[in-house]
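# Summary of structural features
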Amino acid sequence: MSESSESEIYRPYPEAVAGSWAENWEEIEARAKADPYTYWEERASELVWSQRWDQVVDDSNKPFYKWFVGGKTNIVTNAVDRHVTGPHKNKLALIWESEDGKTVRTFSYFSLNREVEKMSNIIRAMGVNKGDRVTIYLPRIPEVFFAMLACAKLGAVHSVVFAGFSADALSSRIDDSESKLVITADGSWINGSVFPLKDIVDEAVRFSPTVENVIVVKRTGTEVTMDPTRDHWYHDLENLPISRGRCETVQLDAEDPLYILYTSGSTGKPKAILHTHGGYMVGTYTTLKYTFDIREDDRFWCTADAGWVTGHSYLVYGPLLNGATTFMYEGGPTFPHPDRWWRLIEHYGITTFYTAPTAIRSLMRFGDAWATRHDLSSLRLLGSVGEPINPAAWHWFYDVIGGGKAPLMDTWWQTETGMFQIAGVPAMPQKPGSGGRPVFGQEAEILDEAGNPVPDGQEGFLTLKNPWPAMARTIYGDDQRFVDTYWSTYPGRYTTGDAAKRDADGYFWVIGRTDDVIKVSGHRLGTAEVESAINSHPAVSESAAIGLPHEVKGNAIHAFVVLNQGHTGNRELTEEIRAHVSTHLSPIAKPDEITFTDSLPKTRSGKIMRRVLRARALGQDEGDLSTLED
Ligand code: PRX
């Protein structure tokens, strides 16, 4: 991966901005900087509230900020209801294509509402009320939209778990959130094979006392076991009278919880990030509108799975809040051929395409011809998220896919931030590899260890200065961990966990995580989770996992494993441990390499020094070893 150049600048957009808000983007930016709260208040005023707020921000109990205090609404009021009663009633809200390409399902805002009402009626009949948690473990099918929106409509809190996580991972998330209901499918299609979702749910809920019901959507037709006291086919429920009739959208306090989403941290179990209705709604609506300059005739495709925050904010909520048409494809990018995505863009006339650098790198390898044989001229804007985009991938995406005319919006943000934090607008000149500047209303600063701002061009810790509406409100059930993780390193500042630098033009260049979080193919994994999965193998005594640079995945996991007495590290055991991680955590967490070792470098207090392992593996200077135990 070659070095990025701070002086390489692209200005592809001017002719497209004439007459639109984008012409005055610098003025909007300056006004938001001078008075962020008024900026956010104006954005909130563009949406429907059944009761207006009394106060934009209550910061009397930092870092537990409250937004739009006293306001009442529901994200569904704005994502669905207001379109059904307005000019978007018959506009397509969602287009979906199956992995085998044989089925296309489309939903206007009117018919999306019907589906959401039906699912809301059903889950309410199952005793789900405001504040109750519901775990959603579904593949990329329209029902994931219905389920999320149905929960939100009733004021229930959804917890979507990526349908590639193991039974162990699912079970711990169900238990932590104390979900009453699980919504799943019989299976999911992955490159022509079935992944047995229902079996995994069965195993996960076996010891979950809180789960009263499981709803199963039939997708693959796979044989599954149904427990008559707990499991229900969705197509049976749909035919019952309970599913019929209108279902009112419950009006909630702006600060009522919308969802929990588990994400990995440096230590311990995954963190249950909590987002709320009012602020999250305003934040995702606004950032999508500005960064992707949403237009009436857009077809917006975010390739992320609804199991990650990108899917929540910019596949489901953001596009619907903007009354846009969102597109979802069930399968993987190379099925059955490496041009599947390009074929879909051509066929559906996708205008805005938002994906991850790892996907771009993996598709680049198949050569330009797979893309250039398709007419991709509908593309107006491109987007990137999840990890830094290296110059080679940027140029390929921009030149070959975007035809050198579509601005490439690099968006930096996190599960915790809920919405973009560093991301330009299309009219802002672009530098490959930089997200540009903080979004309107936000300011970022790079600090050194002591908390002093570092000069431009120098690397340091990325922090955010202003509160923003879609900020996580807490870690569900663990306020103290929320304070300790994000707000204690630099009091009053949100610590991101990323290293970055700023250049002389005020553009931010994110380098990567500074903690024990590894981004593998854009997926966020904690070393602690990976190690705990490895350590649960009976032959293993202890282990350390690190991320090493990988051409396609960005980072690949390399594990150092100490075996129990009587076991020998060989190829067979390597494969066994890799498979073990796959089934006990997720296939995405499977180490690329395992090195058997007699001991791990530790501090005198017993902490594994992963940086020493990383330096050794990369042949770099091991740095200060004075705290090393041995
Ligand atoms: O390290 C940053 C990286 O992804 C982390 C957040 O991961 P997650 O919560 O899973 O959310 C991913 C999608 C929003 C960040 O701390 N990251 C995300 N976007 C970028 C990025 N790194 C560089 N450039 C980006 N555009």
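Along each chain, numbering runs from 1 in the same order as the chain's sequence is written. Under the rules for a predicted model, residues below a pLDDT of 70 receive no local features and side-chain atom pairs below 80 are neither given nor counted, while totals for whole chains, interfaces and linings still include all residues. Side-chain metrics in this entry use all non-hydrogen atoms of the structure; hydrogen atoms and water are not considered.

### A closer look at the sheet that holds strand 20 (residues 408-411)
To be explicit about the condition: The pairing criterion is simple: DSSP has to find at least two bridges between the two strands. Secondary structure elements are defined from DSSP: runs of H or I of at least 4 residues count as helices, runs of E of at least 2 residues count as strands, and each element is numbered from the N terminus. Angular values range over 0 to 180 degrees, each being the angle between N-to-C directions of two axes fitted as lines to C-alpha atoms, with helices fitted over their stretch in contact. Residue contacts follow a heavy-atom distance rule, with two residues in contact if any of their heavy atoms lie within 4.5 Å.
Taken together, 7 strands build an open sheet; the order of strands is 5-4-17-16-18-19-20 and the sheet is mixed. A strand with exactly one partner marks an edge of an open sheet, and here the two such strands are strand 5 (104-108) and strand 20. Sheet twist, expressed as the average angle between the axes of neighbouring strands with direction ignored, equals 20°. As judged from the 5 bridges shared by strand 4 (residues 92-97) and strand 5, these two strands associate in the antiparallel manner. For E97, the partnering residue across the bridge sits in strand 5 and is V104. Here helix 12 (residues 340-348) sits on the sheet and contacts strand 4, strand 5, strand 16 (299-302), strand 17 (325-329) and strand 18 (352-355); the angle it forms with strand 17, its principal contact strand, is near 150°.

### Observations regarding the site of the ligand
Note the threshold: Near is defined per residue: the residue qualifies when any heavy atom it owns lies within 4 Å of the molecule or strand. Residues adjacent in sequence count toward polar contacts only when both atoms are side-chain atoms; beyond that, a polar contact is any pair of N or O atoms within 3.5 Å, and within protein one must be able to donate a hydrogen and the other to accept it. Where accessible areas are quoted, they stem from the Shrake-Rupley method and a 1.4 Å probe; at the residue level, only the protein chains shown are allowed to cover. Nonpolar residues are Ala, Val, Leu, Ile, Met, Phe, Trp, Tyr, Cys and Pro. Charged residues are Asp, Glu, Lys and Arg, and all others, Gly as well, are polar.
Inspection of the region around the ligand gives 17 residues, with T411, T415, R513, K519 and R524 positioned closest. Separating a nitrogen atom of the ligand from a backbone N or O atom of G386 is a distance of 3.1 Å. For the ligand, a nitrogen atom lies 2.8 Å from a polar atom in the backbone of T411. Within the complex, the protein chains bury 95% of what would otherwise be the 540 Å² of accessible surface of the ligand. Broken down by secondary-structure element, the contributors of at least two residues to the shell around the ligand are helix 11 (309-321), strand 20 and strand 25 (508-513). Taken together, the residues that form the shell around the ligand break down as 6 nonpolar, 5 polar and 6 charged.

### Notes on the pairing of strand 15 (residues 271-276)
What counts is decided by this rule: Buried, partly exposed and exposed residues are distinguished by accessible area as a fraction of the type maximum, computed with a 1.4 Å probe on protein chains only: under 20%, between the cut-offs, and over 50%, respectively.
Most of strand 15 sits inside the fold, with 6 of its 6 residues counted as buried. Sheet topology places strand 14 (residues 257-263) next to strand 15; 6 bridges connect them, and they run antiparallel. In the strand pairing of strand 15, I260 is matched with L274. Relative to strand 23 (residues 474-475), strand 15 is paired through 2 bridges, and the arrangement is antiparallel. Each bridged residue has a counterpart across the sheet, and for I273 the counterpart in strand 23 is I475.

### With respect to the state of the cysteines
Here is the rule: In what follows, a disulfide is any cysteine sulfur pair within 2.5 Å.
Counting across every chain of the model gives 0 disulfides. Unpaired in this structure, C151 has its nearest cysteine sulfur neighbour in C247, at a distance of 11 Å. For C151, a relative accessible area of 0% translates into the label buried. A relative accessible area of 2% means that C247 is categorised as buried.

### Considerations on helix 2 (residues 25-34)
Applicable threshold: It is the directions from the helix axis to the C-beta atoms whose arc is reported.
Within helix 2, the full set of buried residues consists of W25, I28, E29 and A32. In an axial view of helix 2, the angular spread of the buried residues amounts to 100°, which keeps them on one side of the axis. Counted as exposed and oriented over 90 degrees from the buried face of helix 2: E26 and A34.

### Section: the pattern of salt bridges
Just so we agree on the cut-off: Here, a salt bridge means any Lys or Arg side-chain nitrogen found within 4 Å of an Asp or Glu carboxyl oxygen.
Inspection of the entire model under this criterion finds 44 salt bridges. Between E42 and R43 there is a salt bridge, with its nearest N and O atoms 3.7 Å apart. A salt bridge links D456 to R502; its shortest N-O distance comes to 2.9 Å. Placement of D456 in the loop between strand 21 (444-447) and strand 22 (460-464) and of R502 in strand 24 (residues 494-502) is noted, with a sequence separation of 46 residues between them. Using a relative accessible area of 39% as the deciding quantity, one classes D456 as partly exposed.

### A look at helix 6 (residues 142-154)
Rules: Here, expected helix span is obtained from the residue count minus one, scaled by 1.5 Å.
Here helix 6 contains 13 residues, and its C-alpha end-to-end distance of 19 Å stays within 8% of the 18 Å for a straight helix at 1.5 Å per residue. Summarising burial for helix 6: 13 of the 13 residues are buried, a large majority. Positive backbone phi, at 85°, marks G155, one or two positions downstream of helix 6.

### Points about the sheet that holds strand 29 (residues 554-563)
The strand order across the open sheet formed by 3 strands is 28-29-30, and the pairing between neighbours is mixed. Both outer strands of the open sheet, strand 28 (540-550) and strand 30 (593-596), are each paired with one neighbouring strand and no more. Recorded for the sheet is a direction-independent mean angle of 25° between the axes of neighbouring strands. Sheet strands in contact with helix 17 (residues 527-535) are strand 28 and strand 29, and its direction is about 135° off that of strand 28.

### Here we look at the pairing of strand 4
In terms of residue burial, strand 4 counts as a mostly covered element, since 5 of its 6 residues are buried. The antiparallel pairing of strand 4 with strand 5 creates a hairpin that spans 6 residues between the two strands, and G101 there sits at a positive phi of about 75°. The sheet contact formed by strand 4 and strand 17 spans 4 bridges and is parallel. Bridge pairing in strand 17 places W96 opposite M328.

### Section: the side chain of H580
Residue placement: H580 occurs in helix 18 (residues 571-584). Judged by relative accessible area, which is 11%, H580 ranks as buried. Polar contacts involving the side chain of H580 include one to the main-chain carbonyl oxygen of A533, which spans 3.4 Å. In contact with H580, other than residues within four places in its own chain, are A533, S536 and H537.

### Thoughts on the packing of aromatic side chains
Defined as follows: Here a Phe, Tyr or Trp ring, Trp counted by its six-membered ring, pairs with any other such ring whose centre lies within 6.5 Å, and the pair is stacked when the planes are under 30 degrees apart, edge-to-face when over 60, and tilted otherwise. In this analysis the charged atom, NZ for Lys or CZ for Arg, is taken to sit over a ring once it is within 6 Å of the ring centre and within 35 degrees of the ring normal.
Following the criterion strictly, the structure yields 42 aromatic pairs and no others. Between Y314 and W413, the ring centres sit 5.1 Å apart and the planes meet at 85°, which makes this aromatic pair edge-to-face. With Y314 in helix 11 and W413 in the loop between strand 20 and strand 21, this pair connects stretches of sequence that are 99 residues apart. With respect to burial, Y314 and W413 carry one shared label: buried. When the centroid spacing of 6.4 Å and the interplanar angle of 55° are considered together, the rings of F482 and W487 count as tilted. A residue is classified by how much of its surface remains accessible, and W487, at 9% relative accessible area, is buried. Here the aromatic residues W301, F327, W341, W342, Y348, F353, W396 and F397 are joined through ring pairs into a cluster of three or more. In this arrangement the basic side chain of K218 is found over the ring face of W233, its NZ or CZ atom lying 5.1 Å from the centre. One residue, R365, lies across the ring of F366, its end atom 6.0 Å from the ring centre.

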